[in-house]
Every structure is written in C-alpha cells, then in structure tokens.
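Here is what each chain is made of, one letter per residue.
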Amino acid sequence: AQSVTQLGSHVSVSEGALVLLRCNYSSSVPPYLFWYVQYPNQGLQLLLKYTSAATLVKGINGFEAEFKKSETSFHLTKPSAHMSDAAEYFCAVSVQGAQKLVFGQGTRLTINP
Amino acid sequence: NAGVTQTPKFQVLKTGQSMTLQCAQDMNHNSMYWYRQDPGMGLRLIYYSASEGTTDKGEVPNGYNVSRLNKREFSLRLESAAPSQTSVYFCASSEGGHGTANYGYTFGSGTRLTVV
C-alpha cells in the first residue's frame, strides 16, 4: 500500500523567500505523485504531477517539484513567495492500476509581509 | 467547460434530517469520489465509484450512501444527519481508464454542511 507523509503541518515564510514544502512517499512500485493547492473556501486544484517522465516537474504559479527516488521524496519549491501563495498544499500518491489517490495531511503555508 | 459541479454549496441540517449532495462531471471521466475534509484530519475518502454501476467504501463510509446514477453523476446521501457529519464535502473525478487514478483528480468546489 502507498502512503504519503508531509513534514510540517504549518510553514511560514517571508514574502520573496524560498518556499519548500516537504513530501515523502512510500510505495513498492513506481509511483505517480501529485501536488494540489487549496485556497481558502475553495476546492483543490492540481499544481503539478509526476508520471515517470522528467524528474523535475514544473507546475502552475512558478512552483516545481523534483522526484528523488533514492530519497523517496517529492518536495515542492518556489524560489520567491508571493502573498497569493498562502494556501493549504496537499501531496498525493498513486500507482499504476490504483483506483484512488492517497493524500498527505496537508501543509498550511503562510506568507509574512 | 464546467468540470465537476457540486450542489448545494452550503447547507444547514437539523439532527436526524436527510439530504442528498449532488455531483456531476462533464469530462467523461470514469471514476468519481466523495471526500470529507475536517480541520486537522486532511481529506478522508467516504465512497468511490471506479466505473458506472460500481461503488466501493472508503475510509469513513458509516452514515452515508452513494449512487452512481450514470457516468456523469455521483450522489452522496445522508439518511439521518448527525453533528459529527458537519464537514466540507468534496466530489472529485478521474479520467483514468479501468477506474484508475493515475492522472489525478479534478475536484469540485465543495459543499459546506452544518448539522445542528
């Protein structure tokens, strides 16, 4: 069975600083990995996904994530935080043939002016 | 392209009342899902439907029933609402063939339900 661990339920950074949200997965077979963003009072939107092509995946709004098999990680980064990035972020994993995603607990990102 | 549409957006119920949350997708997706989101609990899967005519329990199915009416629609019913069912409910769909979720989900905007 697959699982996802997001390190840090709350992350706070200053505007203009690097954003790093951590996600580690567990899977016995090659995974598919996803990052979703949820703005206040909205549904979840797909930020980016890794499906066994390039290990560095670029998403919307300047975010990117790197798949590192040796570290079983898929951390989300953005070089310079904007106030509009304040949201909750969810990492999720699936595998070939799986019928559903497995989500992490989420990380709430706060941006300080 | 509407994507996944959920109705209603807000609802207040009294304990013991019943209601049905509606979800429809216009992307010809095979799989559909119902999640609830509670503070500190992340997303928890209630039920899912890998294809038209099939439904399966998720992590927290007690107190809920579902119907996959056709390929587009997947409804969630609360037969006798309880305060513990106060939550935000999300419907999602996935385009994966044979009911798989490899391509990820498209989510609706949610239904905020309060049971008093």
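Residues numbered from 1 in each chain as written. Chains lettered and ligands numbered in written order. Predicted model: local features only at pLDDT ≥ 70, side-chain atom pairs only at ≥ 80, totals over all residues. Heavy atoms only, no water.

S.K.: Help me understand the overall build of chain A, please; the structure alone is not making it clear to me.
M.R.: Secondary structure summary: chain A contains zero helices and 11 strands in total. Starting at the N terminus and walking to the C terminus, you meet the elements of chain A as β-β-β-β-β-β-β-β-β-β-β. Its C-alpha radius of gyration of 13 Å places chain A within 12% of the 13 Å reference for a compact globule of 113 residues. Taken along its principal axes, the extent of the C-alpha atoms in chain A is 45 × 25 × 20 Å. Once local pairs closer than 6 in sequence are excluded, the contacts in chain A between residues at least 24 apart make up 56%. Here chain A has roughly 5400 Å² of accessible surface; of this, 52% comes from carbon and sulfur atoms. (Helix = DSSP H or I, 4+ residues; strand = E, 2+ residues; numbered from the N terminus. Rg over C-alpha atoms; globule rule 2.2 N^0.38 Å. Contact = heavy atoms within 4.5 Å. Areas by Shrake-Rupley, 256 points an atom, 1.4 Å probe, with all protein chains shown as cover.)

S.K.: Looking at this structure, how should I read the pairing of strand β4 (residues 31-38) of chain B?
M.R.: Two faces belong to every sheet, and in a regular strand the side chains alternate between them. All names here are of chain B. For β4, a buried count of eight out of eight residues is recorded, marking the element as mostly surrounded by other parts of the structure. Residues S31, Y33, Y35 and Q37 line one face of β4 and the alternating positions M32, W34, R36 and D38 line the opposite face, and both faces are buried. In this sheet, strand β9 (residues 87-94) lies alongside β4 in antiparallel orientation, the contact comprising seven bridges. Residue pairing for β9: Y35 is matched across the bridge by F90. Note that β4 and strand β5 (residues 42-49) share seven bridges and pair antiparallel. Residue pairing across strands places D38 opposite G42, the latter belonging to β5. Counted along the chain from β4 to the antiparallel partner β5, the turn is three residues long, and its residue G40 has a positive phi close to 75°. (Buried < 20%, exposed > 50% of the residue type's maximum accessible area, 1.4 Å probe, protein only. Pairing = 2+ DSSP bridges.)

S.K.: Could you clarify how one ought to interpret the packing of aromatic side chains in this entry?
M.R.: Any aromatic ring pair is given by two values, namely how distant the centres are and how the planes are angled relative to each other. By the definition in use, this model includes 17 aromatic pairs over all chains. When the centroid spacing of 6.3 Å and the interplanar angle of 50° are considered together, the rings of Y50 of chain A and F74 of chain A count as tilted. Remark: F74 of chain A occurs in strand β8 (residues 73-78) and Y50 of chain A occurs in strand β5 (residues 44-50); sequence separation between them is 24 residues. Overall, the relative accessible area of 8% leaves Y50 of chain A in the buried class. On the basis of relative accessible area, F74 of chain A is assigned to the buried category, the value being 0%. Put simply, the rings of F34, Y36 and F103 of chain A together with Y33, Y35, Y48, F90, Y105 and F107 of chain B pair up and form one aromatic cluster. (Phe/Tyr/Trp six-rings, centres within 6.5 Å; stacked < 30°, edge-to-face > 60°.)

S.K.: What am I meant to see in the pairing of strand β1 (residues 3-7) of chain A here?
M.R.: Residues and elements named next belong to chain A. Because side chains alternate across β1, one face comprises the buried residues V4 and Q6, and the other comprises S3, T5 and L7, none of which is buried. As defined by bridge partners, β1 adjoins strand β3 (residues 19-26) across five bridges and the pair is classed as antiparallel. Paired with S3 across the strands is S26, a residue of β3.

S.K.: In this structure, what is going on with the state of the cysteines? I would like to understand it.
M.R.: Should the sulfur atoms of two cysteines be covalently bonded, the bond is a disulfide. Across all of its chains, the model carries two disulfides over all chains by this definition. The side chain of C23 of chain A participates in a disulfide bridge whose partner is C91 of chain A; the two sulfur atoms lie 2.0 Å from each other. Disulfide C23 of chain A to C91 of chain A: torsion about the S-S bond roughly -65°, handedness left-handed. One end of the pair, C23 of chain A, is in strand β3; the other, C91 of chain A, is in strand β9 (residues 87-95), and 68 residues separate them in sequence. Its relative accessible area of 0% is what places C23 of chain A among the buried residues. Across a sulfur-sulfur distance of 1.9 Å, C23 of chain B and C91 of chain B are joined as a disulfide pair. Between C23 of chain B and C91 of chain B, the S-S dihedral sits near -75°, and the bridge is therefore left-handed. (Disulfide = S-S within 2.5 Å.)

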